[in-house]
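Residue-level structural notes
Listed below, chain by chain, are the residues.
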Amino acid sequence: MDPNFSESLNGFEYFDENPNFLADPMEDQYPPPSDTLLKYVSEILMEESNGDYKQSMFYDSLALRKTEEMLQQVITDSQNQSFSPDSMITNSWDASGSIESGYSADPQLGLPVDESMVKSMFSDAESALQFKKGVEEASKFLPNSDQWVINLDMERPERRGLVKEEMGLDQLRVKKNHEREIILDFEEVRSSKQFASNVEDGKITEMFDKVLLLDGECDPQTLLDSEIQAIRSTKNRGEKGKKKKKSQVVDFRTLLTHCAQAISTGDKTTALDFLLQIRKQSSPLGDAGQRLAHCFANALEARLQGSTGPMIQTYYNAITTSLKDTAADTLKAYRVYLSSSPFVTLMYFFSIRMILDVAKDAPVLHIVDFGILYGFQWPMFIQYISGRNDVPRKLRITGIELPQCGFRPAERIEETGRRLAEYCKRFNVPFEYKAIASQNWETIRIEDLDIRPNEVLAVNAGLRLKTLQDETGSEENCPRDAVLKLIRSMNPDVFIHAIVNGSFNAPFFISRFKEAVYHYSALFDMFDSTLPRDNEERIRFEREFYGREAMNVIACEEADRVERPETYRQWQVRMVRAGFKQKPIKPELVELFREKLKKWRYHKDFVVDENSKWLLQGWKGRTLYASSCWVPA
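So, here is what we can say about the structure in this document. (Residues numbered from 1 in each chain as written. Predicted model: local features only at pLDDT ≥ 70, side-chain atom pairs only at ≥ 80, totals over all residues. Heavy atoms only, no water.)

1. Here we look at the overall build of the protein chain
For the record, the criterion: Here a strand is any run of E in DSSP of at least two residues, a helix any run of H or I of at least four, and the numbering for each starts at the N terminus. Classification of residues uses two cut-offs on accessible area relative to the type maximum, computed with a 1.4 Å probe and protein chains only: under 20% is buried, over 50% is exposed, and between them is partly exposed. We call two residues in contact whenever any of their non-hydrogen atoms come within 4.5 Å of each other.
On a plain count of helices and strands, the protein chain comes out with 21 helices and 14 strands. When burial is assessed residue by residue, the protein chain has 53% of its 633 residues classed as buried. In the protein chain, once contacts between residues fewer than 6 apart in sequence are set aside, the share between residues at least 24 apart is 77%.

2. Brief notes about helix 18 (residues 509-530)
Applied cut-off: A helix is expected to reach a length of 1.5 Å times the quantity of its residues less one.
Compared with an ideal rise of 1.5 Å per residue, which puts 22 residues at 32 Å, helix 18 spans 32 Å between its outermost C-alpha atoms and is within 8% of the ideal. Counting buried residues along helix 18, 16 of its 22 residues qualify, which places the element largely inside the surrounding structure.

3. Structural notes on the nonpolar core
The criterion, for reference: What we call a nonpolar core is a set of buried Ala, Val, Leu, Ile, Met, Phe, Trp, Tyr and Cys residues that are connected through their side-chain atoms within 4.5 Å.
Within the largest apolar cluster, 119 residues are counted, with the highest numbers of intra-cluster contacts made by F296, L300, F381 and Y546. If near-sequence neighbours (up to four positions away) are discounted, F381 is found in contact with I352, I355, L356, L365, I367 and L395. In this structure, I444, L457, L465 and Y568 belong to the second largest nonpolar core, which totals 29 residues.

4. Describing helix 8 (residues 252-264)
Helix length check: helix 8 (13 residues) gives 18 Å between terminal C-alpha atoms against 18 Å at 1.5 Å per residue, within 8%. Every buried residue of helix 8 is listed here: F252, L255, L256, T257, C259, A260, A262 and I263. The inward-facing, buried residues of helix 8 contact helix 9 (268-281), helix 10 (288-304) and helix 18. Taken from the residues just after helix 8, G266 is the one with a positive phi, measuring 80 degrees.

5. Structural notes on the packing of helix 17 (residues 479-490) against helix 20 (residues 568-577)
The test is simple: Comment: axis = line fitted to C-alpha atoms, over the contacting stretch for helices; angle = value between 0 and 180 degrees taken between N-to-C directions. Should an angle fall under 35 degrees it is called roughly parallel, over 145 degrees roughly antiparallel, and 65 to 115 degrees roughly perpendicular, with every other angle called oblique. With the far helix as reference, a near helix turned anticlockwise by less than a right angle produces a left-handed crossing, and one turned clockwise produces a right-handed crossing. Charged residues are taken to be Asp, Glu, Lys and Arg, nonpolar residues to be Ala, Val, Leu, Ile, Met, Phe, Trp, Tyr, Cys and Pro, and polar residues to be all remaining types, Gly included.
Following both chains from N to C, one finds helix 17 and helix 20 inclined at 50 degrees, their axes separated by 9 Å at the closest point. One finds that helix 17 runs oblique with respect to helix 20. As helix 17 packs across helix 20, the resulting crossing turns out to be right-handed. Across from R480, D481 and L484 in helix 17, the residues of helix 20 making contact are W571, R574, M575 and R577. Among the residues forming the contact of helix 17 with helix 20, the class breakdown is three nonpolar, no polar and four charged.

6. Some points on the pattern of salt bridges
We count it as follows: For this document, the term salt bridge refers to a Lys or Arg side-chain nitrogen within 4 Å of an Asp or Glu carboxyl oxygen.
What the rule picks out here adds up to 36 salt bridges. Here R396 and E432 are joined by a salt bridge, their closest N and O atoms 3.9 Å apart. Highlighted residues: R396 in strand 7 (residues 395-401) and E432 in strand 8 (residues 431-438), separated in sequence by 36 residues. Since its relative accessible area comes to 15%, E432 is described here as buried. Among the ionic contacts, a cluster of salt bridges with common partners joins K394, R396, E432, D450, R452 and E455.

7. Brief notes about the packing of helix 8 against helix 18
Think of two packed helices as two axes; the pair is described by the angle between the axes and how far apart they sit. Axis separation between helix 8 and helix 18 bottoms out at 10 Å; the angle between their running directions is 155 degrees. One way to sum up the angle between helix 8 and helix 18 is to call them roughly antiparallel. Of the two possible hands of crossing, helix 8 and helix 18 adopt the one that is right-handed. On helix 18, the residues that touch R253, L256, T257, A260, Q261 and S264 of helix 8 are F509, I510, F513, K514, V517, Y518 and S521.

8. Quick notes on the packing of aromatic side chains
What counts, and what does not: Aromatic pairing here means that ring centres of Phe, Tyr or Trp (its six-membered ring) are within 6.5 Å. Orientation follows from the plane angle: under 30 degrees is stacked, over 60 is edge-to-face, and everything else is tilted.
The tally for this structure, following the rule as stated, stands at 26 aromatic pairs. Between Y374 and F376, the aromatic rings sit 5.5 Å apart at their centres with planes inclined by 20 degrees, giving stacked as the arrangement. As far as the burial class goes, Y374 and F376 line up, both buried. With a centroid separation of 5.7 Å and 85 degrees between ring planes, the pair formed by W378 and F381 is classed as edge-to-face. Here F381 and W378 lie together in helix 14 (residues 378-385), a separation of three residues that amounts to about one turn. Taken as a pair, W378 and F381 share a single burial class, namely buried.

Spatial relationships are all this shows, so hold off on functional conclusions.
Encoded structure:
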């Protein structure tokens, strides 16, 4: 799932608009690669985008990584300039369906910005020799049978071949001898596995509407869903009819802390003893304390192994039944989360209110969303502004997100744009969308955002700036401050910032671990008070969301640790230093949200308050989330 979902992303290379990048100048001397090799490559691509997402023989395989490195080295040796993952892909379209694709990169970055440079990649005899050598090396990993066959459809082109990537179409056209064209239609091979997930993500289903839209009274529909009501009533009946059994009280916090201290001092024997005690008493299906202990024990065990980076992800997949998720899969867990917690819903309502306050009667509203992911926030906004007179007449959204691994790094946020375009079409809202997939958000330029005059500009950052690296030696090299300065240079009419209020960003492991225990104890206790213990979506949410976050906080260090939340007071200092001033929160808005909690029948221990012009949300007195509104000073 996502960095909020804690995803691990690698670099990528993406080729476009190059008719000859695989052309072999010595094809008469060297025969083309065999059909078996081409089929083998196709199978690898199939495994990467497998619709059922089952673990395959290539899933996170070190052998496959070695093969990729070998082939990558062959390609890299033939280039005059080195490639880097610090790149950005942008795709945009409007409601009419027209599409623009743009690529922006530094001259030393990994995306081909100059067509002539890409054409020259395989333009000499040395390159051909290296490519042939790579083919021979890769052939060693092939099976000893010809069970894989690809029929190459050969035809004479009417025009010069271009390598294109279109929505829903993956065709690689390679021109050879300037007379014929070989079409390797990977879509034919992969469509059976990709089609199911793409249709599920792309179509606006009834579940999407129930979760993402509002009812006639501007309340979330998901709270009125019969299935959600059944879950809530099951929890209430279970509490009333269940007699509490007297059991031995286990102080999991103390055990976990002692185990963490033993690991930090290198005492593996003692650490393993504590882990054994924790494992005996903890359970992913138990009460809040047992679930927390189980989750943190996994993370401590991973740290004890001494692995970091990608190996942590491999280890985590090995000890859980984790599967990759589509937007619809995530939506199922998201629906149950919304029914048990008002945090996200109130954050969305707060941002909508702040944006519309500055965008009344605007000809165009341009929203730049840092960390848009699936865009779950915006369908209710689109629904709300439809048919009203005092709202913007056109909506533009620029979605910024981390790239996916593989050959289609912007696929997820492009799918988000198509989904939002469907909602705008349904509600008759003129719409334009631009997707930006960037590994390093601080390298995004103002020109990439296409900010236009006479439009109201709103910037939204919902819970995602916590994944940016903080000070790395000096304030000048801090990506977190660099992104804030980028937003300030955009001169937005309003900047809505929502954060996870956590203090487990300390460089010292023990201090970070103790704070993480306190923070996640509140979250697990919240679920234990609002959802049945055997609810599948609760189990999945705790494993896939909280489990991955805790794994990253505890088991990873330095650049591999991406979960770096700060308190709202720390963020306030950063924001003022970046050149923003805070807008006050009206007391009647806070009171309105408190009334909403009662109307929506959330648990009485949820807290909504205001402090230092921040809207605070918490559980049993502990502040977990905070939202604020800023303008340029």
